[in-house]
Amino acid sequence: MRRSDLGEFEEVVLLAVAALSPKAYSVVIAEELERETGNTVSTGAVHAALQRLEQKGYVSSFLGEATAERGGRRKRLFTVSALGGKILQEVRAVRNRLWERIDSHLLLDWQ
């Protein structure tokens, strides 16, 4: 397996970008992560993660149309790049292989 430089928070932000695409921007990503995790997620933390992900080539961004809800400002929308998609697939494969190795009796004990 290729070593990924993807942190845990970056991974969930990247997953949220994929799930929300093509309408993924920092505010809706933070809202989605709060809904899914039940934890408070700041838009600043999401924005910083998106910048790191873009520097690594895992996402790309473009400016969307101006909207009245943002006072005429344009949103920066994010999409997962081919490299980002490949990294997500690798991370998922590792997690799946590890989950499959856990004894089923142990899984029952956790329920």
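You'll find the structure just up there.
Enquirer: Looking at this structure, I do not really get the overall build of the chain. What am I missing?
Expert: Along the backbone of the chain there are 5 helices and 2 strands. Ordered by position from the N terminus, the helices and strands of the chain form the series α-α-α-β-β-α-α. Dimensions of the chain along its principal axes, counting C-alpha atoms only, are 55 × 30 × 20 Å. Within the chain, the proportion of its 111 residues that are buried is 31%. Once local pairs closer than 6 in sequence are excluded, the contacts in the chain between residues at least 24 apart make up 48%. Per element, the accessible surface of the chain, about 7,500 Å² overall, is 51% carbon and sulfur.

Enquirer: Explain the environment of Leu6 here, please?
Expert: Here Leu6 is to be found in the segment before helix 1 (8-20). Taking relative accessible area as the criterion, Leu6 reaches 15% and is therefore assigned buried. As for Leu6 and Gly72, which are separated by 66 residues in sequence, their C-alpha atoms are 34 Å apart. When neighbours within four sequence positions are excluded, Leu6 is seen to be in contact with Glu11, Leu14, Leu53, Tyr58, Ile87 and Val91.

Enquirer: I tried to follow helix 3 (residues 43-55) on my own but got confused; where do I start?
Expert: Side chains that are three or four residues apart share a direction in an α-helix, a result of its 3.6 residues per turn. For helix 3, spanning 13 residues, the distance from its first C-alpha to its last is 18 Å, which sits close to the expected 18 Å at 1.5 Å a residue. Among the residues of helix 3, Val46, Ala49, Leu50 and Leu53 are the ones counted as buried. Along the long axis of helix 3, the arc covered by the buried residues comes to 105°, so they all point the same way. Close packing links the buried residues of helix 3 with helix 1, helix 2 (26-37), strand 1 (59-66) and strand 2 (74-80). A positive backbone phi angle near 85° is found at Gly57, which sits one or two residues after helix 3.

Enquirer: Explain the pattern of salt bridges to me, please; I cannot follow it from the model alone.
Expert: Oppositely charged side chains are able to pair whenever their charged atoms sit close together. Applying the stated criterion across every chain, the model contains 4 salt bridges. Of the charged contacts, one joins Arg52 and Glu10 as a salt bridge, the two residues approaching to 2.6 Å between their closest N and O atoms. In this pair, Arg52 is assigned in helix 3 and Glu10 in helix 1, connecting sequence segments 42 residues apart. Residue Arg35 pairs with Glu32 through a salt bridge whose shortest N-O separation is 2.7 Å.

Criteria and cut-off values
- Residues numbered from 1 in each chain as written.
- Predicted model: local features only at pLDDT ≥ 70, side-chain atom pairs only at ≥ 80, totals over all residues.
- Heavy atoms only, no water.
- Helix = DSSP H or I, 4+ residues; strand = E, 2+ residues; numbered from the N terminus.
- Buried < 20%, exposed > 50% of the residue type's maximum accessible area, 1.4 Å probe, protein only.
- Contact = heavy atoms within 4.5 Å.
- Areas by Shrake-Rupley, 256 points an atom, 1.4 Å probe, with all protein chains shown as cover.
- Expected span 1.5 Å × (residues − 1).
- Arc of directions from axis to C-beta.
- Salt bridge = Lys/Arg side-chain N within 4 Å of Asp/Glu carboxyl O.

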